[in-house]
Amino acid sequence: MEWLSTEEIVLAFTTLVASGLLILGTLKLVRPPRPKSAPPRGGVTPRVAIAAPSVRPERPRTRQLPEDRAAIARRLGRTLLDRAVQESEPGRRRTLIYRAIACLNRGVEAAPDDEPLRDTLTAAHAALWNTYQQIGLERLAQEMPWRATALAPAEPPPGSVARATPGLERRSV
């Protein structure tokens with residue numbers, strides 16, 4: 001008796017797998033599987049008590065008007081922005097500002113003409129850029145520790161976008 005080669009064993013195994021899959025596919029076509037919501041084949045279907053339409057409790061309708069969504073977005077965005085200003089870790093601050101901007105953008109989509117909302121969004125973008133600057137300066141100071149004092153950010157001119165965030169304080173590196 002002679003041993004089979006590796007190629008012959010692989011071919012035989014592949015043929016068996018293909019045949020098994022072909023049989024399973026044919027059985028699925030002949031007798032499709034039941035959905036989970038279907039009643040059992042030989043068993044009794046459990047009855048669910050359905051109340052008359054007049055007795056059914058109504059679902060509370062919580063659909064908000066666009067003005068409400070804009071006000072909520074402004075309040076939540078401002079809260080996130082204030083938390084970001086208080087945060088000492090730049091990575092966490094950046095995450096909070098990202099969330100504030102996302103929230104404010106949804107508010108702007110709901111009420112495009114809301115000026116206080118747009119002002120808060122502008123302040124969030126300014127805070128984000130200040131945070132980017134701080135992160136960049138900290139990374140640069142890590143690479144060049146002998147020049148850390150020379151890399152302190154300059155104060156923005158009065159009336160610039162960076163001044164739109166009243167509580168945002170700059171830290172020296």
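A quick note: this is a predicted structure, and the numbers were derived from the prediction, not measured.

Student: Looking at this structure, I do not really get helix 1 (residues 6–30). What am I missing?
Tutor: Residues separated by three or four positions in an α-helix point in the same direction, a consequence of the helix having 3.6 residues per turn. Between its terminal C-alpha atoms helix 1 stretches 36 Å, which fits the 36 Å expected from 25 residues at 1.5 Å a residue. Where burial is concerned, little of helix 1 is hidden: zero out of the 25 residues are buried.

Student: Looking at this model, I keep getting lost on the pattern of salt bridges. Mind explaining?
Tutor: When their charged atoms lie close together, side chains carrying opposite charge are able to pair. If you walk through the whole model with that rule in mind, you get two salt bridges. With a closest N to O distance of 2.6 Å, Asp 114 and Arg 74 form a salt bridge. Of this pair, Asp 114 sits in the loop between helix 3 (90–110) and helix 4 (115–143) while Arg 74 sits in helix 2 (residues 66–86), and the two are 40 residues apart along the sequence. For Arg 74, a relative accessible area of 26% translates into the label partly exposed. Measuring nitrogen to oxygen at the nearest pair gives 3.3 Å for the salt bridge that ties Asp 82 to Arg 78. With Asp 82 and Arg 78 both in helix 2, this residue pair falls four residues apart, about one helical turn.

Student: What should I look at first to understand the side chain of Thr 131 in this one?
Tutor: The topology assignment puts Thr 131 in helix 4. Residue classification places Thr 131 among the buried residues on the basis of a relative accessible area of 1%. Those residues within four positions of Thr 131 in sequence are excluded, and the remaining contacts are Pro 90, Arg 93, Arg 94 and Ile 97.

Student: Any chance you could explain the packing of aromatic side chains here in plain terms?
Tutor: Each pair of aromatic rings is reported with the distance of its centres and the angle of its planes. According to the stated counting rule, one finds one aromatic pair in the structure shown. Summarising the aromatic geometry, the rings of Trp 129 and Tyr 132 are spaced 5.4 Å apart at their centres and angled 80 degrees between planes, so their arrangement reads as edge-to-face. Placement of the pair is Trp 129 and Tyr 132 together in helix 4, with a separation of three residues, close to one helical turn.

Student: Would you take a moment to explain the packing of helix 3 against helix 4 for this structure?
Tutor: For any two helices packed against each other, one specifies the crossing angle of their axes together with the interaxial distance. One can describe the packing of helix 3 onto helix 4 by two numbers: an axis separation of 9 Å at closest approach and a directional angle of 160 degrees. Considered as vectors, helix 3 and helix 4 are oriented roughly antiparallel to each other. For the pair helix 3 and helix 4, the sense of crossing is left-handed. Considering only residue class, the contact of helix 3 with helix 4 consists of 13 nonpolar, six polar and four charged.

Student: Looking at this structure, how should I read the nonpolar core?
Tutor: Side chains that are nonpolar tend, in soluble globular proteins, to be buried together. With 17 residues, the main nonpolar core has Leu 81, Ile 97, Ile 101, Leu 104, Leu 117, Leu 121 and Ala 124 as its most contacted residues. Secondary structure elements with two or more residues in this core: helix 2, helix 3 and helix 4. Residues within four places of Leu 117 in sequence aside, it is in contact with Ala 70, Ala 73, Arg 74, Leu 104, Gly 107, Val 108 and Ala 111.

Student: What am I meant to see in the confidence of the model for the protein here?
Tutor: Atom-level detail of predicted coordinates should not be read off regions where pLDDT is low. With 65% of its residues at a pLDDT of 70 or more, the protein has an overall mean of 78. Mean pLDDT values for the elements of the protein range from 87 in helix 2 up to 91 in helix 3. In this model residues 166–173 is a low-confidence stretch, pLDDT under 50, and it forms 19 contacts with partners more than four residues away in sequence or in other chains.

Student: When you look at a nonpolar patch on the surface in this model, what are you seeing that I'm missing?
Tutor: A cluster of nonpolar residues, Phe 13, Val 17, Leu 21, Ile 23, Leu 24 and Leu 27, forms a patch on the protein surface that exposes about 630 Å² of accessible area. You can see Phe 13 is positioned in helix 1. A relative accessible area of 56% places Phe 13 in the exposed class.

Student: Could you clarify how one ought to interpret the environment of Ile 97 in this entry?
Tutor: Topologically, Ile 97 is positioned in helix 3. Classification of Ile 97 as buried rests on a relative accessible area of 1%. Sequence separation of Ile 97 and Ala 124 is 27 residues, and the distance between their C-alpha atoms is 6.4 Å. Sequence-distant contacts of Ile 97, defined by excluding residues within four places in its chain, comprise Leu 81, Ala 84, Ala 124, Ala 127, Leu 128 and Thr 131.

Procedures and definitions
- Residues numbered from 1 in each chain as written.
- Predicted model: local features only at pLDDT ≥ 70, side-chain atom pairs only at ≥ 80, totals over all residues.
- Heavy atoms only, no water.
- Helix = DSSP H or I, 4+ residues; strand = E, 2+ residues; numbered from the N terminus.
- Expected span 1.5 Å × (residues − 1).
- Buried < 20%, exposed > 50% of the residue type's maximum accessible area, 1.4 Å probe, protein only.
- Salt bridge = Lys/Arg side-chain N within 4 Å of Asp/Glu carboxyl O.
- Contact = heavy atoms within 4.5 Å.
- Phe/Tyr/Trp six-rings, centres within 6.5 Å; stacked < 30°, edge-to-face > 60°.
- Axes fitted to C-alpha atoms, helices over the stretch in contact; angles between N-to-C directions.
- Parallel < 35°, antiparallel > 145°, perpendicular 65-115°, else oblique.
- Left-handed = near helix turned anticlockwise from the far one by under 90°.
- Nonpolar A, V, L, I, M, F, W, Y, C, P; charged D, E, K, R; others polar.
- Core = buried A, V, L, I, M, F, W, Y, C linked by side-chain atoms within 4.5 Å.
- pLDDT = per-residue confidence, 0-100.
- Patch = residues over 30% accessible without salt bridge, like charges linked within 9 Å, V, L, I, M, F, W, Y side chains within 5 Å.
- Areas by Shrake-Rupley, 256 points an atom, 1.4 Å probe, with all protein chains shown as cover.

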